[in-house]
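Descriptive analysis of the structure
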Amino acid sequence: MNETGSWRSMAKAPKDGSRILVTIRSSEQGPAEVDLAYWSNGDQFGGEGWRAADSSPGQIFEYAEPELKCWMPMPSADLNRLSTPSPWEGSDAQQFDGSGI
């Protein structure tokens, strides 16, 4: 597996606020899972620690250090490998936006 796709120890996880993928350890609440998280230095809504990326003020989900097993950086798109489809140039535009259903 390439460097961007390998799991790493939480001890070396970036604490700069960047979003990363984390493995949450299995527990009595359920099996291991993967979540998108970031390190927060703390603010008026919560203390310093790992937060789920979908947290919002007043609804913060924080992870305790022992809950997280490992991390990996977010995958990035390889723009050299992507191809963009050609724009639609057909004449039957009435088939779009659900009108054909």
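Our subject is the structure listed above.
In this report, we go over the structure that sits alongside the text. If you're wondering where the values come from, they're calculated on a predicted model, not measured in any experiment.

Across its full length, the chain carries 0 helices and 6 strands. Within the span of the chain, comprising 101 residues, buried residues form 26% of the whole.

A word on the packing of aromatic side chains. Within this structure, the stated rule accounts for 2 aromatic pairs. A ring pair is formed by W39 and W50, whose centres lie 5.2 Å apart and whose planes are at 75 degrees; its orientation type is edge-to-face. Of the two residues, W39 sits in strand β3 (residues 33-40) while W50 sits in strand β4 (residues 49-52), which places them 11 residues apart along the sequence. For W39, a relative accessible area of 10% corresponds to the buried category. Between F61 and Y63, the ring centres sit 4.9 Å apart and the planes meet at 75 degrees, which makes this aromatic pair edge-to-face. According to the relative accessible area criterion, F61 is partly exposed, its value standing at 44%.

Turning our attention to the pattern of salt bridges. Across all of its chains, the model carries 3 salt bridges by this definition. Among the salt bridges present, the one from K15 reaches E65, with a minimum N-O distance of 3.9 Å. Of this pair, K15 sits in the loop between β1 (8-9) and β2 (20-24) while E65 sits in the loop between β5 (62-63) and β6 (68-73), placing them 50 residues apart in sequence. A residue is classified by how much of its surface remains accessible, and K15, at 45% relative accessible area, is partly exposed. In this structure E65 comes out as partly exposed when scored by relative accessible area, which is 38%. Overlapping salt bridges, with partners in common, bring together D43, R51 and E62 in one network.

Examined against the element boundaries, S26 turns out to sit in the loop between β2 and β3. Taking relative accessible area as the criterion, S26 reaches 52% and is therefore assigned exposed. S26 sits 42 residues away from L68 along the chain, and the two C-alpha atoms are 9.5 Å apart. When residues no more than four places from it in sequence are discounted, the contact partners of S26 are P31 and A32.

A few words now on the sheet that holds β2. One open sheet accounts for 6 strands, arranged β1-β6-β2-β3-β4-β5; its pairing is antiparallel. Either end of the sheet is taken by a strand with one partner, and the two such strands are β1 and β5. With 2 bridges connecting them, β4 and β5 associate as antiparallel partners. Residue pairing in the sheet places R51 in a bridge with E62 of β5.

Each value, and the rule that gives it
Sequence order sets the numbering: in each chain, residues are counted from 1 along the sequence as written. Only residues with pLDDT of at least 70 get local features here, since the model is predicted, and only at 80 or more are side-chain atom pairs given and counted; chain-wide, interface and lining totals rely on the full set of residues. Side-chain measures were taken over the full set of non-hydrogen atoms in the model, leaving aside hydrogen atoms and water. Under the scheme used here, helices are H or I runs from DSSP no shorter than 4 residues and strands are E runs no shorter than 2 residues, and both carry numbers assigned from the N terminus. When a residue's accessible area, from a 1.4 Å probe over protein chains only, is under 20% of the maximum for its type it is buried; when over 50% it is exposed; and in between it is partly exposed. Side-chain rings of Phe, Tyr and Trp (the six-membered ring for Trp) are treated as a pair once their centres are within 6.5 Å; stacked means planes under 30 degrees apart, edge-to-face means over 60, and tilted covers the remaining angles. Here a salt bridge means any side-chain nitrogen of Lys or Arg lying within 4 Å of a carboxyl oxygen belonging to Asp or Glu. A contact between two residues is defined here by any heavy atoms of the two lying within 4.5 Å. One bridge is not enough; two strands pair if DSSP finds at least two bridges between them.

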